[in-house]
Amino acid sequence: MSRVRELARSLPVRDPAAVARARREATERPLRYPVGSGQADDVALGAGLRPLLRQLLEAGPLERERRRYERAGYVVAVAPRVYGPTHDGWDHTPDALDPDAPGARRALFVGRERARVEAAVACDLAKTDAADRELGRLLGYPRCCVEAFVALPPGRQNTELHAAAWAATRGRPEPRLNGLDLAVFHYVSWFPCAFDCPLALAYANAVASRLARLHADFVAAIDAALAAHRLVLCDELQLSLRGRLEGGALALEEVWPTARDRHPEAALDAPAEEAVARALALVRAAQVLEVTPAGLALDGALLGGTAGALLVPFGVPV
């Protein structure tokens, strides 16, 4: 059973009416998106901020994007390797996975130099540490971020990479490096080595500056969304929080499902929607939240089944 399904069944329902309200809220998408959630890559490629981009896409979207980039004059290639849903772990690809199966993805590479695109496809197929390092170089990722990614063994879970980045963060976690939910617009398409990585932040700020020339209101709105504290119970169950942080405890002021800030087309599946609704109702009923080694504590009481919870305080003021 997947992590989100476990939480959808195990998180207690203490107030059915509050859970019903939270379930409705988890389906709302009030933020107007003039671009896609991952379209920062387009901005960066067009502005010359990076030489190549890589997108993991399912069959239908992949074909549409391939044609779009070709019409724009880019060199495009699709790598044959098939990936499962990214929350199942990077590089974890069952041999029998059908490329047309729900959730199955392949990598689309887009650039201006055919040799670079072909080299990237070869790295995607190889899937060794050396190939991952070379692929990071070809994509223009900071070397520190590539090394942090390779440091975790294959089968890397998104949540493991996020936890490692938080552990490596020494300063204020930067909201523009908040890519914890990739269905919410994110400036950086790789996993930063830390949430205060100066190289990743410089790139994110450059992308934001260029995007703001066309969509200043959207940049302001998404910056505000990314600047909330983020609670991650699993890849698909995330809550956005505002409140006062004292030591490791957060005095809660406002809580909403992170999914509300997603692209309008990015829906939660039924188990994720149920898990988010139950978690949201529980957290909203509390005054103080704390993440401990044993899991999430609400008003000092440990919530069972939440070991591995992560709280990244992006909302801490400068």
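Here, every reference points to the structure presented above.
What comes next is a walk through the structure. These figures come from a predicted structure and were not determined experimentally.

1. Focus on the overall build of the protein
Okay, so step 1: Along the protein, the regular secondary structure elements total 10 helices and 10 strands.
Okay, so step 2: In summary, the protein has a C-alpha radius of gyration of 19 Å against a globular reference of 20 Å for 318 residues, a match within 12%.
Okay, so step 3: Residues counted as buried form 51% of the 318 residues belonging to the protein.
Okay, so step 4: Counting contacts in the protein only where the partners sit at least 6 residues apart, residues at least 24 apart contribute 69% of the total.
Okay, so step 5: Summed over its atoms, the accessible surface of the protein is roughly 14300 Å², and 52% of this surface lies on carbon and sulfur atoms.
Okay, so step 6: Of the side-chain charges in the protein, 39 are positive and 40 negative, and the distance between the mean point of each set is 3 Å.

2. Thoughts on the sheet that holds strand S10 (residues 310-312)
Okay, so step 1: With respect to topology, 7 strands assemble into an open sheet ordered S9-S8-S7-S6-S5-S4-S10, the strand pairing being antiparallel. This sheet does not close on itself; its edge strands, each paired only once, are strand S9 (301-302) and S10.
Okay, so step 2: The pairing of strand S4 (residues 229-234) with S10 spans 3 bridges and is antiparallel. Paired with Leu231 across the strands is Leu311, a residue of S10.
Okay, so step 3: Lying over the sheet, helix H1 (residues 3-10) contacts S4 and strand S5 (237-246), oriented at roughly 95 degrees with respect to S4.

3. Points about the pattern of salt bridges
Okay, so step 1: The final tally for this structure, using the stated rule, is 23 salt bridges.
Okay, so step 2: Here Lys127 ties to Asp132 by a salt bridge, and the two come within 3.4 Å at their closest N and O atoms.
Okay, so step 3: Residue classification places Lys127 among the partly exposed positions, given a relative accessible area of 22%.
Okay, so step 4: Across the salt bridge formed by Glu134 and Arg137, the nearest N and O atoms sit 2.7 Å from each other. In this pair, Glu134 and Arg137 are both assigned in helix H6 (residues 129-139), 3 residues apart and thus about one turn of the helix distant.
Okay, so step 5: A single salt-bridge network, built from bridges that share partners, covers Glu25, Glu28, Arg260 and Arg284.

Here is what the cut-offs are and how they apply
Residues numbered from 1 in each chain as written. Predicted model: local features only at pLDDT ≥ 70, side-chain atom pairs only at ≥ 80, totals over all residues. Heavy atoms only, no water. Helix = DSSP H or I, 4+ residues; strand = E, 2+ residues; numbered from the N terminus. Rg over C-alpha atoms; globule rule 2.2 N^0.38 Å. Buried < 20%, exposed > 50% of the residue type's maximum accessible area, 1.4 Å probe, protein only. Contact = heavy atoms within 4.5 Å. Areas by Shrake-Rupley, 256 points an atom, 1.4 Å probe, with all protein chains shown as cover. Lys, Arg positive; Asp, Glu negative; His and termini not counted. Charge placed at Lys NZ, Arg CZ, Asp CG, Glu CD. Pairing = 2+ DSSP bridges. Axes fitted to C-alpha atoms, helices over the stretch in contact; angles between N-to-C directions. Salt bridge = Lys/Arg side-chain N within 4 Å of Asp/Glu carboxyl O.

Read these as spatial facts, not as claims about activity.
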